[in-house]
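# Examination of the molecular architecture
Each chain, written out:
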Amino acid sequence: MEGKTLWIIGASAGIGAEVATQLADAGHFIIVSARDESALNQLCFRHPTRIKSLPLDLTVPATFERAQQQLSELTDFLDGVIFCAGICEYETNFSFNYAQYSRVMQVNFLGLIAVLNIAKPLLKKSTGRAQLCVVSSLATVVPFPRNELYGASKAALDYFVAALRCDTLHVPLDITLVRPGFVATRLTAKNDFAMPFIMETPAAAARIVRGFLARKRTIIFPRKLYLLLLLMAIVQPIWRKICAQFLTRTKTW
């Protein structure tokens, strides 16, 4: 996979920015999108011939049509789309804040649907088999305390990808699902709990890039955390006891 044209969403910082940088270094033409236009411009400044900016706010559907026009001005086709966009918010005190849930789902799940609508015409013009890469999370292996928002949005991604694979068996589209554990980014920096086997961003991005270029169906890391969570999924009573020890929110309605 050399010299491909790729669109990366959620590329202003963290995993997305590092994936964009590594793919540009490998000789690919990258279009980067996120809300933070300044951060995108910094990426472009470091790679003026390999990276181009396309600001996109997934929380504002009214801008999607304009984004599609701008994308078409940057390229006539896409060989791949990498969806790294995501926000993380936690449930507190059983608030069930509808606006909060809507915001998380709009970015983490519905954002992917918006991106596919925008990218589909150009993916169909790919120079070879097109590729979709979706970054989910190991948070879907077992339920975590306070994780109703983020976990549900990532579980929606997992199921959507599984169903899409069924519907695209006869379509020239390869789909890669990424399920990372804890990665040291500005999102995880806000967490107030222990994050076992946490990885640095460049190392995590390198795994994604290698798996993406190899067209792997699933990329999971770190393996130790995945195996531990699988064990807890099997031994649910033990997992519930562990969760109970770390609950910090109120235990009443």
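Residues numbered from 1 in each chain as written. Predicted model: local features only at pLDDT ≥ 70, side-chain atom pairs only at ≥ 80, totals over all residues. Heavy atoms only, no water.

Attention now moves to the overall build of the protein chain. Helices and strands together make up the secondary structure of the protein chain, namely 9 helices and 9 strands. What you see for the protein chain is a C-alpha radius of gyration of 18 Å, in line with the 18 Å of a compact globule of 253 residues. Along the first, second and third principal axes, the C-alpha atoms of the protein chain reach 55 × 35 × 35 Å. For the protein chain, the proportion of its 253 residues judged to be buried stands at 50%. For the protein chain, the accessible area works out to roughly 12,800 Å², and carbon and sulfur atoms hold 58% of it. Put simply, the protein chain has 28 plus and 18 minus side-chain charges, and the middle of one group is 7 Å from the middle of the other. (Helix = DSSP H or I, 4+ residues; strand = E, 2+ residues; numbered from the N terminus. Rg over C-alpha atoms; globule rule 2.2 N^0.38 Å. Buried < 20%, exposed > 50% of the residue type's maximum accessible area, 1.4 Å probe, protein only. Areas by Shrake-Rupley, 256 points an atom, 1.4 Å probe, with all protein chains shown as cover. Lys, Arg positive; Asp, Glu negative; His and termini not counted. Charge placed at Lys NZ, Arg CZ, Asp CG, Glu CD.)

That bond from F221 to P222 is cis: its omega, -10 degrees, falls within 30 degrees of zero. Note that P222 resides in the loop between β9 (218–221) and α8 (223–234). With a phi angle near 55 degrees, F94 is a residue other than glycine that sits in the positive phi range. Assignment of secondary structure puts F94 in the loop between β4 (80–83) and α4 (98–108). Classification of F94 by relative accessible area gives partly exposed; the value is 22%.

Of the volumes computed, that of the second largest pocket is approximately 360 Å³. The wall of the second largest pocket is formed by 15 residues, among which K120, L123, K124, V171 and L173 lie closest to the centre. Listed by contribution, the elements that provide at least two residues to the lining of the second largest pocket are α5 (110–123) and α6 (148–167). At 4 residues, the largest contribution of residues to the lining of the second largest pocket is made by α5. In the lining of the second largest pocket, the residues fall into 8 nonpolar, 4 polar and 3 charged. (1 Å grid on protein atoms, 1.4 Å probe; cavity = no way out; pocket = protein on both sides within 12 Å on 5 of 7 lines; lining within 4 Å. Points joined across faces, edges and corners; volume = space filled by probe spheres on them. Nonpolar A, V, L, I, M, F, W, Y, C, P; charged D, E, K, R; others polar.)

The next thing to look at is the packing of aromatic side chains. The description of two aromatic rings rests on the distance between their centres and on the angle between their planes. For the structure shown, the criterion picks out 5 aromatic pairs. The ring of Y90 carries R146 above its face, with NZ or CZ at 5.3 Å from the centroid. (Phe/Tyr/Trp six-rings, centres within 6.5 Å; stacked < 30°, edge-to-face > 60°. Lys NZ or Arg CZ within 6 Å of the ring centre and 35° of its normal.)

Below, the discussion takes up the pattern of salt bridges. What the rule picks out here adds up to 5 salt bridges. In the salt-bridge network here, residues are joined through shared partners; they are R129, D174 and R215. (Salt bridge = Lys/Arg side-chain N within 4 Å of Asp/Glu carboxyl O.)

Let's shift gears to the state of the cysteines. Under the criterion given, the structure shown has 0 disulfides. Considering cysteine sulfurs only, C133 is the nearest to C84, which forms no disulfide, with 6.6 Å between them. (Disulfide = S-S within 2.5 Å.)

This paragraph deals with α8. Compared with the 16 Å implied by 1.5 Å per residue over 12 residues, the 17 Å span of α8 between its first and last C-alpha is a close match. Taken residue by residue, α8 has L225, Y226, L229 and M232 as its buried positions. The arc that holds the buried residues of α8, viewed along the axis, is 125 degrees, so those residues lie on one side. Pointing more than 90 degrees away from the buried face of α8 are the exposed residues K224 and I234. For α8, the secondary structure elements touched by its buried residues are β6 (173–180), β9 and α9 (236–245). (Expected span 1.5 Å × (residues − 1). Arc of directions from axis to C-beta. Contact = heavy atoms within 4.5 Å.)

On the secondary structure map, Y101 appears in helix α4. Separated by 48 residues in the primary sequence, Y101 and L149 have C-alpha atoms spaced 5.9 Å apart.

Moving on, we get to the nonpolar core. Of all hydrophobic cores here, the largest spans 36 residues; its most connected members are W7, I9, L58, L71, L78, V81 and L132. Secondary structure elements with two or more residues in this core: β1 (5–9), α3 (64–74), β4, α4, α5, β5 (130–135), α6 and β6. Looking at this core element by element, the count peaks at 8 residues for α5. The contacts of I9, once residues within four sequence positions are left out, are S33, L58, V81, I82, F83, C84, A85 and V115. Formed by 30 residues, the second largest nonpolar core is a distinct cluster that contains V19, I82, V183 and A204. (Core = buried A, V, L, I, M, F, W, Y, C linked by side-chain atoms within 4.5 Å.)

Within the open sheet, the 7 strands sit side by side as β3-β2-β1-β4-β5-β6-β9. Their pairing is parallel. Looking at strand neighbours, the two that pair on one side only are β3 (51–53) and β9, the edges of this open sheet. Within the sheet, the average angular offset between the axes of one strand and its neighbour, ignoring direction, is 15 degrees. Sheet topology places β1 next to β4; 4 bridges connect them, and they run parallel. Bridging from a neighbouring strand, I8 pairs with I82 of β4. Each of β5, β6 and β9 touches α6; the most contacted strand, β6, lies at about 155 degrees to it. (Pairing = 2+ DSSP bridges. Axes fitted to C-alpha atoms, helices over the stretch in contact; angles between N-to-C directions.)

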